[in-house]
Amino acid sequence: MHSVIGVLMMGLIARLALAYPSSAGKSEKKLHSRGSNTPDYHANIGVLRYVNPKVGTYGISPNDNGGMIPSVSVPFGMTRWTPQSRENFISQVPYHDADNFIHGFQATHQPAIWMGELGQVVLTPGWTPVVKPLFEQRGLAFRKEDEVSTPYVYEVLLDADTEGEHDWDLTEDAAGEGPVPGGAGSAPDDVRNGANGRVRKRDETSANHIRQIQVAMSATAHTGHLRFDFKNRRKCSTKELVQPYVSIQVTRQNWTGQVQIDPERREVSGSNPQRQDYRLGPDKPVSFNGYFVSRFSEPFISYATSLGTNISEGLQSASGELLSAHVRFHEDATRIEVRTAVSFVSIEQARKNLDIESPDGSTFEDTIENAKSSWLEKLGRVTIEGVNSTDKGHDPRTIWYTGLYHALQYPNDFSEPTDQSNIRTFYSGYTDSIHKSNDSYYQSWSIWDTYRAEHSLLTIFAPERVNGMMRTLLKIFDWTGRLPMWANMVETNIMIATNADAVLANAISRGFRSFDLQKTWRAVQKDAYEPPEKDTELLYYDREPNTPYEARAGLTSYMEHGWVDNDRWSESASRTLDYAFNDAACAIVARAAGETVEATALEKRAKNYAKIWDPETQFMRARNSNGTWANETWGWTEGDKWVYTFDVMHDIDGLAALFAGGRTGMKAKLDEHFDGGHNMHSNEPSHHVPYIYSMIGYPSVAADRIRSIAWGNYNATSAGLSGNEDLGQMSAWYVFSALGFYPVNPAGDEYVVGSPFFEKVTLRLPAGAATGGETGYTGDRERTLVIEAPGATTKPYVKGLSIDGKPIIQPVLRHGQIVTASLIRFEMSETPTGWGGDGEL
């Protein structure tokens, strides 16, 4: 998901990657060459050595930036902890690999670069006589070679003597909340040299790391654990000794927070009500707050609060904007540790999260090992052998494992632990109240992006989570009467269509049924047949503020004559195509719920894509209410006529029949699409397109296109994603493609064969992968699946495929075949073959 599409020049990105961005190679080298005085946190890391969290942290504009951060948490963790090199807002995340100063360490809940932050808190160490409370004052210089980023710990060496003010242009204040205040309005294509192109406005000077602060940071699902080691390379007299301190920024400008300092407990606690998407959607969570409790390892010598630059020494509580707390320690202190728990429920719940996940007596090393084991439990299930020999900046193992690491962060589990092991608690922004359940509760639903492949990936690699995610979707339906579109604590109405229909159909098609099927049908039925409020009054344009639940805007005209009118609704052509696909997904749900008549009707309506086919131009095209064609550049969502002409994922054969010459004509149009430079893999509507070649009889052409896309849009450096990650979707494409197949129709259960990148992949599938996420049933055990493709590193074309020895003659695999197989074997060729080229799919 981008707010505005920009044409990505991969040659420029490649040069930037070589000239500046950090690579996995540096991190891996650093892991094995640490000084004798520095703790080694990197024993027994297994495949985590191939994960580079800095992939996707660099780009020259928001749209060609992966929008990722070098965060630490656990899979699906509620809170991610990241170094802060800039203040985040909509179109900017807290870290960019081009930055040279770190301003703190942030507990972030910003799910994507084009979404807003909520309830954050930032901790910053300092070692100066005077506390520096503001972002631009507190930045500490660091060198890239002194930075190590892994899924389980982040480390950096900071220059405690950094002088001057830095990076004001990278603040939310400088950007005026960014290009879309409160989330509303249109966003600019480019953000150069800081926020909205502003130049730096402060002098910048830095010392030479004489006095250093070595920082290490790890985390659990709700708790961050920071270790600050204060190191002085210069001998000082007693008079020259300075007390180290830690500042906690609670709120920014325009947001009133609360903070309390408790010296006896060695705690600082507080709350932050900031929610940057406040102008989007119908929900008004007026009591929302992000709460925190920070507990320190050493006693406070003194403390203060501040509002902006106004510091109040000895004040234990305060409220207001630009609010911070500061605690000082004895000048002899060389190590300070702080554990900070975050909650959306209350300060008391934050303290409970701390006591449960990081109790007194637990060590920093304990936190690291817990995070490490959590990631190894997921990523360590996969062993890759037989890879292309390349430089570390393009190591396909790093791209693949980092991709899986990205994909397994979302959606975020926003439920919090209680004293009862089977009971969770959580705050719902929809009801603006606290709930308890024996189930997890998930947020961060970028469904327009993730329905394509991310949710299929979760059914294989995290099946134990899938049913709970579906129950969350239905819980939101209970509260609001609608399934979510793009939920960031509440509905934001960003993007188009009711693709939660496809997410639910995806789970059902793959055997996940531990949720209410009848309620699922009622939810998608409402999507299919009930227009949103004010459907004929509003345009429902991108980021239109204060709208009702958007659902299928324009459904009124879609039900009247089969398309969304371009002269009455925004993004009309894309909506028409997406609604046809949504209808196909709803039909799957209807059949599962026993509604066969409704399923048949929806399957018929899913053919509506043909209503906007222009036979003269051989393109899809927006239509007006009177049936006339609109301008061919109008009516698209983050795409154009080229990519959307192929946006019929549920009926490729029916689409092919529209082309003059059928499959041959469609193949010619695909060639023109790719060879003419129209394919933009940086945005999601393109992701299935190369696989269409396989579906119309040209698998060898698909292989060429897929490998070219993988090479041109992914690498192992911080510039390693050509577009926004979008909550795992960009990475899910690579993860599946490298295995040799991809879910072109994500509402169904099929995967289309492409070209495997590795010679052998061994997957130890979790229990429940073959039994709909449930255990206690026959066949629920862990399974080992081997995917073999001898010679795949140099042989891109498939000339044979078998599952457990049974030949597969068409380029399609079913989900059930994959999760119950022991061996999927590709026979590869150096030259194009005729395999999979005949017959109907």
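Computed from a predicted model, the values in this text were never measured in an experiment.

Procedures and definitions
Residues numbered from 1 in each chain as written. Predicted model: local features only at pLDDT ≥ 70, side-chain atom pairs only at ≥ 80, totals over all residues. Heavy atoms only, no water. Pairing = 2+ DSSP bridges. Helix = DSSP H or I, 4+ residues; strand = E, 2+ residues; numbered from the N terminus. Contact = heavy atoms within 4.5 Å. Axes fitted to C-alpha atoms, helices over the stretch in contact; angles between N-to-C directions. Buried < 20%, exposed > 50% of the residue type's maximum accessible area, 1.4 Å probe, protein only. Salt bridge = Lys/Arg side-chain N within 4 Å of Asp/Glu carboxyl O. pLDDT = per-residue confidence, 0-100. Parallel < 35°, antiparallel > 145°, perpendicular 65-115°, else oblique. Left-handed = near helix turned anticlockwise from the far one by under 90°. 1 Å grid on protein atoms, 1.4 Å probe; cavity = no way out; pocket = protein on both sides within 12 Å on 5 of 7 lines; lining within 4 Å. Points joined across faces, edges and corners; volume = space filled by probe spheres on them.

A word on the sheet that holds strand S10 (residues 223-232). In space, the 10 strands of this open sheet follow the order S2-S5-S6-S9-S10-S19-S14-S13-S12-S17, with antiparallel pairing throughout. Both outer strands of the open sheet, strand S2 (101-102) and strand S17 (317-320), are each paired with one neighbouring strand and no more. One ladder, built from five bridges, connects strand S12 (residues 257-262) with strand S13 (residues 267-272); its direction is antiparallel. Following the sheet pairing, Gln 260 is matched in S13 by Ser 269. Packing of helix H5 (residues 347-357) onto the sheet brings it into contact with S10, S12, S13, strand S14 (290-296) and strand S19 (335-343), and relative to S14 it is tilted by some 45°. Docked against the sheet, helix H6 (residues 364-379) engages strand S9 (211-219), S10 and S19, running at close to 45° with respect to S9.

Buried residues dominate S14, accounting for seven of its seven residues. Residues Gly 290, Phe 292, Ser 294 and Phe 296 point to one face of S14 and Tyr 291, Val 293 and Arg 295 to the other, with burial holding for every one of them. The pairing of S13 with S14 spans six bridges and is antiparallel. Residue pairing in the sheet places Gly 270 in a bridge with Phe 292 of S14. Direction of pairing for S14 relative to S19: antiparallel, over a ladder of six bridges.

Right, let's get into the pattern of salt bridges. This model, assessed by the stated rule, comprises 47 salt bridges. Across the pair Arg 335 and Asp 229 runs a salt bridge whose closest N-O atoms are separated by 2.6 Å. In this pair, Arg 335 is assigned in strand S19 and Asp 229 in strand S10, connecting sequence segments 106 residues apart. Exposure remark for Asp 229: the relative accessible area of 9% places this residue in the buried category. The partner of Glu 369 in a salt bridge is Lys 372, and the shortest N-O contact between them spans 2.9 Å. Here the residue Glu 369 and the residue Lys 372 both occupy positions in helix H6, the gap between them amounting to three residues, near one helical turn. Its relative accessible area of 40% is what places Glu 369 among the partly exposed residues. Residue Lys 372 is classed as buried on the basis of its relative accessible area of 1%.

Here the focus is the environment of Ile 301. If you trace the backbone, Ile 301 turns up in the loop between S14 and strand S15 (302-307). Along the sequence, Ile 301 and Val 327 sit 26 residues apart, while their C-alpha atoms lie 7.6 Å from each other. When residues no more than four places from it in sequence are discounted, the contact partners of Ile 301 are Gln 243, Arg 328, Phe 329 and His 330.

Moving on to the confidence of the model for the protein chain. Taken as a whole, the protein chain shows an average pLDDT of 92; of its residues, 92% reach a score of 70 or greater. Here residues 24-29 is a poorly scored stretch, pLDDT under 50, and it has seven contacts once near neighbours within four places are set aside; other chains count. Scored below 50 in pLDDT, residues 186-206 makes 68 contacts in the model with residues more than four places away or belonging to other chains.

Following both chains from N to C, one finds helix H11 (residues 500-509) and helix H14 (residues 572-592) inclined at 45°, their axes separated by 8 Å at the closest point. For the element pair H11 / H14, the angle class is oblique. Classified by chirality, the crossing of H14 by H11 is left-handed. Residues Asp 501, Ala 502, Ala 505, Ile 508 and Ser 509 of H11 form the contact with H14, whose own contacting residues are Phe 581, Asn 582, Ala 585, Cys 586, Ile 588, Val 589 and Ala 592.

Now for the layout of surface pockets. Looking at the largest pocket, its volume works out to about 570 Å³. Looking at the largest pocket, it is lined by 33 residues, and the ones nearest its centre are Asp 413, Arg 424, Ser 440, Tyr 442 and Arg 465. Taken together, the elements giving at least two residues each to the lining of the largest pocket come down to H6 and helix H10 (463-480). In terms of residue count, H10 provides more of the lining of the largest pocket than any other element does, six residues in total.

Within the open sheet, the six strands sit side by side as S20-S33-S34-S38-S35-S36. Their pairing is mixed. Bordering the open sheet on either side are strand S20 (382-385) and strand S36 (806-807), each of which pairs with just one other strand. The pairing of strand S33 (residues 760-765) with strand S34 (residues 783-788) spans six bridges and is classified as antiparallel. Each residue of the ladder has a partner; that of Leu 765, found in S34, is Arg 783.

Okay, the environment of Val 524 next. Secondary-structure assignment places Val 524 in helix H12 (residues 517-529). On the basis of relative accessibility, which here comes to 0%, the residue Val 524 falls in the buried class. Along the primary structure Val 524 and Thr 480 are separated by 44 residues, whereas in three dimensions their C-alpha atoms are 14 Å apart. Sequence-distant contacts of Val 524, that is, excluding residues within four places in its chain, are made with Leu 483, Asp 501, Leu 504, Cys 586 and Val 589.

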